[in-house]
Amino acid sequence: MKRPLYFSIVILFLLASCKKYLTSDSASRFSEEYVFGSEPDAKKTVNMVYAMFNQDAFTSRVSTLFAGNTDVEVGNSVAASPDGARRDLWSFEATTSNNDLLTVWNNAYSAINKANECEHGLTTISLVKDPANATYLNLLGEVKVLRAYWYMLLIHHWGDVPFSIKPSRAGDNFYLPRTSRDSILTFLINDLIGIESKMQWADQLDNGIERINREFAIGLIARLALIRGGYWLYPDMTMKRKDDYQEYYKIANVYCKKLVSLKPRELTDYAAVFMNENKYIKPVNSDILYEVAYAPGFGDVGWCVGVGVSNGISYHSFGATTIQMILTPTYYYSFDTTDLRLAATCSIISYNDTLAQIPTGPTSITINKWNRMLVPTPLGPSSSKGTSINWPLMRYADVLLMLAESENELYGPTGDARDALRKVRRRAFPPAMWGDKVETYVTAIGSKQSFFDAIVKERAWELGGEMVRKFDLVRWNLYGKQIAETRKVLNQMGQDAIAGVGMYSQLPDYLYAKRNSDKTLSFLNRFQKVTGTVPAEYNVKINWLRNLWNTTTDGPANYTLWQWRGYTDNTGNTPVRYILPLHSSVISNSLGTLKNEYGY
């Protein structure tokens, strides 16, 4: 059963609007004294900030589809040249006329201004009347965290951006220049540090992990600190990090340890974490710290990301998907075959109009964490978007890996760093395998560099499909290297599959599957090439890794040529231009205050 937060959000969503950034966008038509004068009204007003998560700018754009293309998640580019749509963002070829840029930009600043309005009302009215009120204090924390999160998204995609923490009023200067990322991040980190201890844990809140809570605030402090301590792209097309970066790794380390100390929890079954989202189940004190609550009829998880389902002529009651974010074959084959996260993350089947499983190609591996067919009540034959499956913004496993990473960066692979990594890997393998896959694996990592390399891999395996990889690679200054390596391996996989020799020749050139009476598929050889006779019942034959090489041109397949098309350096040494251009209307409306950089 969806909790009441959904219903207040959906009502307030209808009142919310995307206006030009930094223009007046009052949180209510009523006076501030009225809307911030009582707990119920203040809470309803804060829900208007949450409502900005329920717009397409977030649901099927910046939360998911803006996160391609990496070595893990890629948008399915289907053309050899730019087409002016979101695919151009994935291939690093976006132009100033791309309307998705404007949609996300305006929505972000609308959310930020609503948060500013709420902060002003809570601090000047609510908390003046009742300074120790736990509800008001948590609401203040909520709007500060929401504001920080939206600024983080803006920084991820546009670098230095206009910054304001004051609600817009008539007569204000709405044409602010860019503020440096380091200044914005430093402010946001300190702002959250100042409020998190006054917030409530998820198990103290009526909406649990569907409401911003203390554990998420602590985790976001750590994430912002690692961004502040990481690399980013400058307009001169160099990747640099600030000299004080270790101070921010210390902050991340302190706050990860704080959460582990104050609010520890066991990592439960990996697949169940996402099954709960599909089933609208929201346990507190578990892996997910906070997830975006989508109102009924809102949210695109299980539509643009998830397992593919077709329903062209309404054969069934589950509706259909338009999957736009997929996983790379190199990612699929990077897993240990006994890793329980592999099957939970990667799907090599989809469902046709009759709900029969059909095999995907190697370039159509989908994200198995979300499946619209698993919701409690079928969404309807003609349904598509609006699945109401929540979107996770942070998990406890992420905090453990940030702890391990920051500890290693500061002090090397200490016992604390290794223990955090162990906790994540124990959940990934059956207990009978812990000796080899956890203890031996972690103990064998000897150096600081080796431990960092292990964290890079572990974050991919643990968080695949959750759209955090892109900006992990950015802050590590590994983005170009990982793209180049991925292309190289994809090409070699294809050539080896065709030639039958080479380091990847043991992987499947073809997949073989059999159809079961319940319409499912059973695969014979997901991880190995068949060298002997194929049993007769495995009569579904799929051209697999052979698809990664074009035998007509004797060159890379279109998949490899198109996914990262705008990044041409096969050495990986050139920085990736992941920063997006400002939309032309943002430039013109700024009256000369803003201009495009980074060669746009």
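Before any of the text, the structure's been laid out above.
So, here is what we can say about the structure in this document. Since the model is a prediction, treat every value here as computed from it, not as a measurement.

Calculation criteria
Residues numbered from 1 in each chain as written. Predicted model: local features only at pLDDT ≥ 70, side-chain atom pairs only at ≥ 80, totals over all residues. Heavy atoms only, no water. Pairing = 2+ DSSP bridges. Helix = DSSP H or I, 4+ residues; strand = E, 2+ residues; numbered from the N terminus. Axes fitted to C-alpha atoms, helices over the stretch in contact; angles between N-to-C directions. Expected span 1.5 Å × (residues − 1). Buried < 20%, exposed > 50% of the residue type's maximum accessible area, 1.4 Å probe, protein only. Salt bridge = Lys/Arg side-chain N within 4 Å of Asp/Glu carboxyl O.

1. Some details on the pairing of strand β11 (residues 510-515)
Of the strand pairs in this sheet, β11 and strand β13 (residues 540-543) are connected by four bridges, and their pairing is antiparallel. Bridging from a neighbouring strand, Y510 pairs with N543 of β13. Two strands pair when backbone bridges link them, and β11 and strand β12 (residues 521-523) are joined in this way by three bridges, in the antiparallel orientation. The partner of K514 across the bridge, within β12, is S522. Connecting β11 to the antiparallel partner β12 that follows it, the hairpin turn spans five residues, and K519 within it adopts a positive phi of roughly 75°.

2. So, the sheet that holds β13
A sheet is described by the order of its strands in space; here three strands give the open sequence β12-β11-β13, paired in antiparallel fashion. With one partner strand each, in any of the chains shown, β12 and β13 form the two edges of the open sheet. Direction aside, the axes of adjacent strands within the sheet are offset by 35° on average.

3. Some remarks on helix α19 (residues 479-499)
Here α19 contains 21 residues, and its C-alpha end-to-end distance of 30 Å stays within 8% of the 30 Å for a straight helix at 1.5 Å per residue. G500 sits one or two positions beyond α19 and adopts a positive phi of about 80°.

4. Focus on unusual backbone geometry
A cis amide bond links G68 with the next residue in sequence, N69, at an omega value of 0°. Along the polypeptide, N69 turns up in the loop between α4 (56-62) and β1 (73-75). The phi torsion at N477 lies on the positive side, around 60°, for a residue other than glycine. Looking at where N477 falls in the secondary structure, it is placed in the loop between α18 (469-476) and α19. A residue is classified by how much of its surface remains accessible, and N477, at 29% relative accessible area, is partly exposed.

5. Remarks on the pattern of salt bridges
A full pass over the atoms with the stated rule returns 48 salt bridges. Notably, a salt bridge pairs R181 with D160, separated by 2.9 Å at the nearest N-O pair. Separated by 21 residues along the polypeptide, R181 in helix α8 (residues 181-195) and D160 in the loop between α7 (134-158) and α8 bring together distant segments of the chain. When sorted by exposure, R181 lands in the same class as D160, which is buried. Two residues, R475 and E405, come together in a salt bridge whose shortest N-O distance is 2.6 Å. Of this pair, R475 sits in helix α18 while E405 sits in helix α14 (residues 396-411); the two residues are 70 residues apart in sequence, bridging distant segments of the chain. Comparing R475 with E405, the two get one shared label, buried. It is possible to trace a salt-bridge network through shared partners that takes in D287, D339, R341, K369, R395, R425, R427, E458, E462 and E466.

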